[in-house]
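Architecture and fold: a report
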Amino acid sequence: MTRTIEYGNLMHDAMRGLIKQVLQDVADHGLPGQHHFFITFDTLHPDVELADWLSDRYPGEMTVVMQHWFDNLDVGNEGFGVTLNFGDQPEPLYIPYDAIVTFVDPSVEFGLRFETQGEDEEDDFEEIIEEAPMAEFDTPEVEENKEAEVVSLDSFRK
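Residues numbered from 1 in each chain as written. Predicted model: local features only at pLDDT ≥ 70, side-chain atom pairs only at ≥ 80, totals over all residues. Heavy atoms only, no water.

**A closer look at the overall build of the protein chain**
For clarity, the cut-off: The numbering of helices and of strands both runs from the N terminus, where a helix is a DSSP run of H or I of at least 4 residues and a strand a run of E of at least 2. Exposure categories follow from relative accessible area, calculated using a 1.4 Å probe and restricted to protein chains: below 20% of the type maximum is buried, above 50% is exposed, and the middle band is partly exposed. By the convention used here, residues are in contact when the closest approach between their heavy atoms is within 4.5 Å.
The helix and strand inventory of the protein chain stands at two helices and nine strands. Reading the secondary structure of the protein chain in the N-to-C direction produces α-β-α-β-β-β-β-β-β-β-β. Within the protein chain, the fraction of its 158 residues that count as buried is 34%. When contacts within the protein chain are restricted to residue pairs at least 6 apart in sequence, long-range pairs at least 24 apart make up 50% of them.

This is the structure in structure tokens:
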């Protein structure tokens with residue numbers, strides 16, 4: 001058997017680490033400026049914890065917003081807990097990092113999306129990174145209202 005570098009798995013871990021680091025900063029210092037997050041996660045993940053009425057209402061995926069009101073943000077190694085407001089009803093949630101499908105901060109046009117290519121392919125996945133061009137990447141100038149560009153890692157694979 002030939003050993004290979006698992007770039008997909010390494011990217012997966014790095015992107016989950018980035019989410020953890022961002023959430024820890026928010027837990028320590030609050031949300032800066034206009035930053036806010038849309039986090040979509042798999043409600044069927046075995047380690048997700050949410051109220052029964054929420055799992056009944058969102059049987060598959062759910063998107064939560066962390067912006068104006070959230071409480072008890074507790075960032076751990078495997079996931080994070082937070083209390084969010086659903087129609088004036090505070091509800092605690094626990095979301096493992098590997099249950100996250102998308103993580104978006106629309107205030108800076110930054111987002112991560114995690115996709116699985118197929119259920120039969122063990123640990124095989126494709127990450128698509130959506131983000132606004134950043135100066136340190138020497139990208140060409142982009143029109144101000146242009147949507148974020150989607151880059152597929154498949155285009156770089158041989």
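Here the narrative resumes.
**Remarks on the pairing of strand 3 (residues 70-75)**
The following threshold applies: A pair of strands is labelled paired if DSSP reports no fewer than 2 bridges between them.
With four bridges joining them, strand 3 and strand 4 (residues 79-85) adopt antiparallel strand pairing. Within strand 4, the residue paired with Val 75 across the bridge is Phe 80. Hairpin connection, strand 3 to strand 4: the antiparallel pair is bridged by three residues.

**Focus on the pairing of strand 1 (residues 37-42)**
Strand direction decides the pairing type here: strand 1 and strand 2 (residues 61-66), joined by six bridges, are antiparallel. Residue pairing for strand 2: Phe 38 is matched across the bridge by Val 65. Note: strand 1 against strand 6 (residues 100-105), four bridges, orientation antiparallel. Across the sheet, the residue bridging to Ile 39 is Phe 103, located in strand 6.

**Thoughts on the nonpolar core**
Where we set the bar: Only buried residues count toward a nonpolar core. Its members are Ala, Val, Leu, Ile, Met, Phe, Trp, Tyr and Cys residues joined through side-chain atoms within 4.5 Å.
In this structure, Leu 23, Val 64, Met 66, Phe 80 and Ile 100 are the most contacted members of the largest nonpolar core, which totals 29 residues. When contributions to this core are tallied by element, the ones reaching two or more residues are helix 1 (7-29), strand 1, strand 2, strand 3, strand 4, strand 5 (90-96), strand 6 and strand 7 (110-116). Broken down by element, the residue count for this core peaks at four residues, all from helix 1. Contacts of Leu 23, omitting those with residues within four sequence positions, involve Phe 37, Met 66, Leu 73, Val 75, Phe 80, Tyr 97 and Phe 103.

**As for the environment of Asn 85**
Filter applied, for reference: Pairing of N or O atoms within 3.5 Å defines a polar contact, subject to two protein rules: one partner must be a possible hydrogen donor and the other a possible acceptor, and residues neighboring in sequence count only if both atoms are side-chain atoms.
Note on placement: Asn 85 falls in strand 4. Put simply, Asn 85 and Met 66 are 19 residues apart on the chain and 9.7 Å apart in space, counted from C-alpha to C-alpha. Once residues within four sequence positions are removed from consideration, Asn 85 is found in contact with Trp 69 and Pro 90. Within polar-contact distance, the side chain of Asn 85 engages the backbone nitrogen of Asp 88 at 2.9 Å. Within the local environment of Asn 85, its side chain forms a polar contact with the backbone nitrogen of Gln 89, the two atoms lying 3.0 Å apart.

**What to know about the sheet that holds strand 3**
Defined as follows: Whenever a helix is involved, its axis is fitted only over the stretch in contact; in every case the axis is a line through C-alpha atoms, and angles between N-to-C directions fall within 0 to 180 degrees.
If you trace the three strands from one edge of the open sheet to the other, you get 3-4-5, paired in antiparallel fashion. Looking at which strands have only one partner, the edges of the open sheet turn out to be strand 3 and strand 5. Put simply, the sheet's adjacent strands are angled 15° from each other on average, direction ignored. Here helix 1 sits on the sheet in contact with strand 3 and strand 4, set at roughly 130° to strand 3.

**Here we look at helix 1**
Threshold: Here, expected helix span is obtained from the residue count minus one, scaled by 1.5 Å.
Between its terminal C-alpha atoms helix 1 stretches 33 Å, which fits the 33 Å expected from 23 residues at 1.5 Å a residue. By the burial criterion, the buried members of helix 1 are Gly 8, His 12, Met 15, Arg 16, Ile 19, Leu 23 and Val 26. Residue Gly 30 follows helix 1 closely and has a positive phi angle near 85°.

**A few points about a nonpolar patch on the surface**
So the rule is basically this: Surface patches are defined over residues having more than 30% relative accessible area and no salt bridge, joining like charges when they lie within 9 Å and nonpolar side chains (Val, Leu, Ile, Met, Phe, Trp, Tyr) when within 5 Å. Per-residue and other accessible areas follow the Shrake-Rupley method at a 1.4 Å probe size, with only the shown protein chains counted as cover for residues. We define a salt bridge as a side-chain nitrogen of Lys or Arg found within 4 Å of a carboxyl oxygen belonging to Asp or Glu.
A cluster of nonpolar side chains, contributed by Ile 5, Tyr 7 and Leu 10, occupies part of the molecular surface with about 350 Å² of accessible area. Mapping Ile 5 onto the fold places it in the segment before helix 1.

Interpretation note: all reported values are geometric properties and have no functional meaning in isolation.
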